[in-house]
Amino acid sequence: MPCLLEPPKGSMLFAALAGIEDEEHEETVVIVDPYTSGRFLVEEFRRRRWPLVAVRSSLSIDEALLSTWNAASFERTVVHHGDLAETIASLRNVGSIRAVIAGSEPGVALADELSAALGLRGNDPTGPRPRCRWDKYEMHERLSECGLRALRQRVCSSAEEAAAFAAEVDTWPIVVKSRTSNGFSGCVHLCGDREALDEAVAFVRSAKDLAGRANDAALAQEYLEGREYVVDCVSFGGEHFVSATWAYCKTPTECGFIYDNTRTLPYDSAPDSLQQRLYRYVFECLTALGVRNGASHCEVVVPEGDQDSPCLVRLGARMHGSMGPALWSKCAGREQAQPYLLAELFAEEAGGSLPRRLRDMRERPGAQAYKLTRWSVQVDLQCPTGGILSQSVEASSGDWLRAMPSFWAMRLFVEDGDRVAPTRSLSTSPGFVVLLGYSEAEVDRDLAKIREREKSGLMYIVRPGSENVVGATPSGSGRRNSISAARMRELEAEAEKLISPLASRACSPVLSPQQAPAMPPGIGDSLVEFTLNGDGLDDFDLDGGGGGGLGGFVGGAGGLDDFSLE
């Protein structure tokens, strides 16, 4: 017989359940490839008590994404085997479908096709250059066709073709990447010379994307020097709403640059401001690329000395990845984050609050799309010297970093005894620290202190040794900058800590302790069973057979395997 439970007041589970809507829904929301930041979308829909079905576009998914997969959050999982009609038939067997949404980059194309076939709100998969929302070559060709600034580029089946393109551009570095936006770890290479270019083309052509598909060619593009911005939007019926704005701050190196930090930006509503020019260009790009409904993530460079000519680097027709949505909600509020806005757009009648917000932006001069209440900076650590670590960064500086006023999160990639090289790319960064404060000045003070400690020799205690890049992609020339797989995995592991028990893998009964991350603070051993008086929550099923509701919670010695709100 099921017993009634109430989580301890003040616990994470109590807080999560307190935000759940009372009304259950008969229709189902489908999320295609609910990996990486798609977890936060799952969490938002569970708060609203929508039944969820997952569609996996492929079973050959990159390890970094697969580590974020949690089947227990869904009523059912459908695997797409390449036959659209078969997948549609499987979904129709589920019952009435409210929406189909891409949860991560590999699911963008299939989500568009499923939405169109089911007559649901989405983006047209048959428009001009239908691959342009996920194929970076088609993306920039489409922008050029629409008269918008785009990168010079060439699809290269050999190193010789890439070298010919570099000669035409007549400047280094050259960027080499895969065509698909759902590229693999290490997918972007900044090449400072011919040797590095040859190596990058060979690497891209020999690798697979995040969905397990092989590359038959590499994409070479010009490199634009300038400040890079991220503009996250949610679109409704072809109108675009700015959800978030970030800036990448970079430090030049011999192979291009390294990321110094990524920071949140307050909204600037002045008509002639750089941000408004940036937003107008991004909106034109979204329209040209056929983004009419749903989330988008645009990375844009504003070239040095030419602030009137921003240029898109890439579009992701999905949410900001990794921990982005959770961190932004800390800075601007849950109602401003993309998961909330997507749930409003796709699940609520007439788009929920989004039409009103769009109308306010049209009709009220100076209206603010968002307002920051906290500021954040992700600091990419930089080791100034090479050698063998005599002491881990955790041992030398872990407590010091956590004691900073704006410290929020940290992930370190190196341990005692590792060989480290001077940081000259993301591959050679020893880790990152996320700062979160109530003013930009507060986080900048802590950022400056971190850089001072790095230079002082107190953070990286090394003894002489051969310089080996920890976790980096091998490079004979040393002039090829790429992004490591290890960094992607660590980002996703840190993002997992931000998921509530509504969607956390740590709280899933289908995962062993070896597979799941550590329980979030306040959950673990402190979870105890006790009986309700019948008010509040409904039955919690301890026999694991409920299958519905919140999709499972593991806790304590009591053996709680599953619970259901139904």
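Scroll up a little and you will see the structure.
All values derive from a computational prediction rather than experimental measurement.

Visitor: Explain the packing of helix α2 (residues 38–47) against helix α11 (residues 338–347) to me, using residue names and the numbers behind them.
Guide: Across the interface, α2 lies against α11 with an axial gap of 9 Å and an inter-helix angle of 55 degrees. When the interaxial angle is binned, α2 and α11 end up oblique. The crossing of α2 and α11 is right-handed. Between α2 and α11, the residues in contact are Phe-40, Leu-41, Glu-44 and Phe-45 and Pro-339, Tyr-340, Leu-342, Ala-343 and Ala-347, respectively. Among the residues making up the contact of α2 with α11, the classes are represented as eight nonpolar, no polar and one charged.

Visitor: So what's going on with the packing of aromatic side chains? Which residues, and what values?
Guide: For the coordinates displayed, the defined rule picks out eight aromatic pairs. Residues Phe-413 and Phe-432 carry aromatic rings whose centres are separated by 6.1 Å and whose planes lie at 65 degrees to one another, so their mutual orientation is edge-to-face. Highlighted residues: Phe-413 in the loop between β16 (407–412) and β17 (419–420) and Phe-432 in strand β18 (residues 431–437), separated in sequence by 19 residues. A relative accessible area of 0% places Phe-432 in the buried class. Among the aromatic residues, those joined into a ring-pair cluster are Trp-246, Tyr-267, Tyr-279, Trp-328 and Tyr-370. A cation over a ring is seen here: Arg-56 above Trp-69, with NZ or CZ 5.0 Å from the ring centre. Its end group placed over the ring of Trp-400, Arg-453 keeps NZ or CZ at 4.6 Å from the ring centre.

Visitor: Would you mind going over unusual backbone geometry in detail, with residue names and values included?
Guide: Residues Trp-172 and Pro-173 are joined by a peptide bond in cis, for which omega reads 5 degrees. Within the fold, Pro-173 resides in the loop between α7 (159–169) and β6 (174–177). Residues other than glycine seldom take positive phi values, yet Arg-49 does so here, at roughly 65 degrees. Relative to the helices and strands, Arg-49 resides in the loop between α2 and β2 (52–56). When its relative accessible area of 17% is taken as the criterion, Arg-49 is described as buried.

Visitor: Could you give an account of the sheet that holds β17, naming the residues involved and the relevant values?
Guide: The strand order across the open sheet formed by three strands is β17-β15-β19, and the pairing between neighbours is antiparallel. Here the strands that pair on one side only, and so sit at the sheet edges, are β17 and β19 (462–463).

Visitor: Can you tell me about the sheet that holds strand β3 (residues 76–79), naming the residues and giving the values?
Guide: The four strands are arranged β3-β2-β1-β4 in an open sheet whose pairing can be described as parallel. Both edges of this open sheet fall to β3 and β4 (97–102), since each of them pairs with a single strand only. The sheet shows a mean angle of 20 degrees between the axes of neighbouring strands, direction not considered. Set on the sheet, helix α4 (residues 84–94) makes contact with β1 (28–32), β2, β3 and β4; between it and β3 the angle comes to about 165 degrees.

Visitor: Describe the nonpolar core, listing the residues and the values that go with them.
Guide: Ranked by internal contacts, the top residues of the largest apolar core, which has 100 residues, are Phe-45, Leu-143, Leu-312, Leu-342 and Ile-450. Per-element accounting of this core gives the leading share, seven residues, to helix α9 (residues 274–288). Non-local contacts of Leu-342, meaning those with residues more than four positions away in its chain, are made with Leu-41, Phe-45, Ile-101, Val-234, Gly-294, Ala-295, Met-319 and Ala-347. Of all hydrophobic cores here, the second largest spans 16 residues; its members include Val-32, Val-55, Leu-91 and Ala-317.

Visitor: Report on the environment of Ser-427, specifying residues and quantitative values.
Guide: For Ser-427, the location among the structural elements is in the loop between β17 and β18. Of the residues examined, Ser-427 reaches a relative accessible area of 5% and is grouped as buried. When the C-alpha atoms of Ser-427 and Ile-258 are compared, they prove to be 9.2 Å apart, with 169 residues separating the residues in sequence.

Visitor: Lay out the pattern of salt bridges with the relevant residues and their values.
Guide: Scanning all chains against the criterion turns up 29 salt bridges. The salt bridge involving Glu-44 is made with Arg-334; its shortest N-O contact spans 2.6 Å. Pair noted here: Glu-44 is in helix α2 and Arg-334 is in the loop between α10 (324–332) and α11, with a separation of 290 residues, a long-range link. Judged by its relative accessible area of 4%, Glu-44 falls in the buried class. Residue Arg-334 is classed as partly exposed on the basis of its relative accessible area, which comes to 32%. The salt bridge involving Glu-239 is made with Arg-362; its shortest N-O contact spans 2.5 Å.

Visitor: Give a description of the pairing of strand β8 (residues 218–222) that names residues and reports values.
Guide: In terms of burial, β8 is a largely internal element, five of the five residues being buried. Across the two faces of β8 the burial is the same, with Ala-218, Ala-220 and Glu-222 and Leu-219 and Gln-221 all buried. Across four bridges, the pairing between strand β5 (residues 153–156) and β8 is antiparallel. Note that in β8 the partner of Cys-156 across the bridge is Ala-218. Pairing between β6 and β8: four bridges, direction antiparallel. The residue of β8 that forms the bridge with Val-176 is Ala-220.

Visitor: I'd like a description of the environment of Ala-337, backed by residues and values.
Guide: Take Ala-337: it is sitting in the loop between α10 and α11. A relative accessible area of 4% means that Ala-337 is categorised as buried. Between the alpha carbons of Ala-337 and Gly-324 there is a distance of 9.0 Å; along the sequence they are 13 residues apart. Sequence-distant contacts of Ala-337, defined by excluding residues within four places in its chain, comprise Ser-243, Pro-325, Trp-328 and Ser-329.

Conventions adopted
- Residues numbered from 1 in each chain as written.
- Predicted model: local features only at pLDDT ≥ 70, side-chain atom pairs only at ≥ 80, totals over all residues.
- Heavy atoms only, no water.
- Axes fitted to C-alpha atoms, helices over the stretch in contact; angles between N-to-C directions.
- Helix = DSSP H or I, 4+ residues; strand = E, 2+ residues; numbered from the N terminus.
- Parallel < 35°, antiparallel > 145°, perpendicular 65-115°, else oblique.
- Left-handed = near helix turned anticlockwise from the far one by under 90°.
- Contact = heavy atoms within 4.5 Å.
- Nonpolar A, V, L, I, M, F, W, Y, C, P; charged D, E, K, R; others polar.
- Phe/Tyr/Trp six-rings, centres within 6.5 Å; stacked < 30°, edge-to-face > 60°.
- Buried < 20%, exposed > 50% of the residue type's maximum accessible area, 1.4 Å probe, protein only.
- Lys NZ or Arg CZ within 6 Å of the ring centre and 35° of its normal.
- Pairing = 2+ DSSP bridges.
- Core = buried A, V, L, I, M, F, W, Y, C linked by side-chain atoms within 4.5 Å.
- Salt bridge = Lys/Arg side-chain N within 4 Å of Asp/Glu carboxyl O.

Don't take any of this as a statement about function, it's just geometry.
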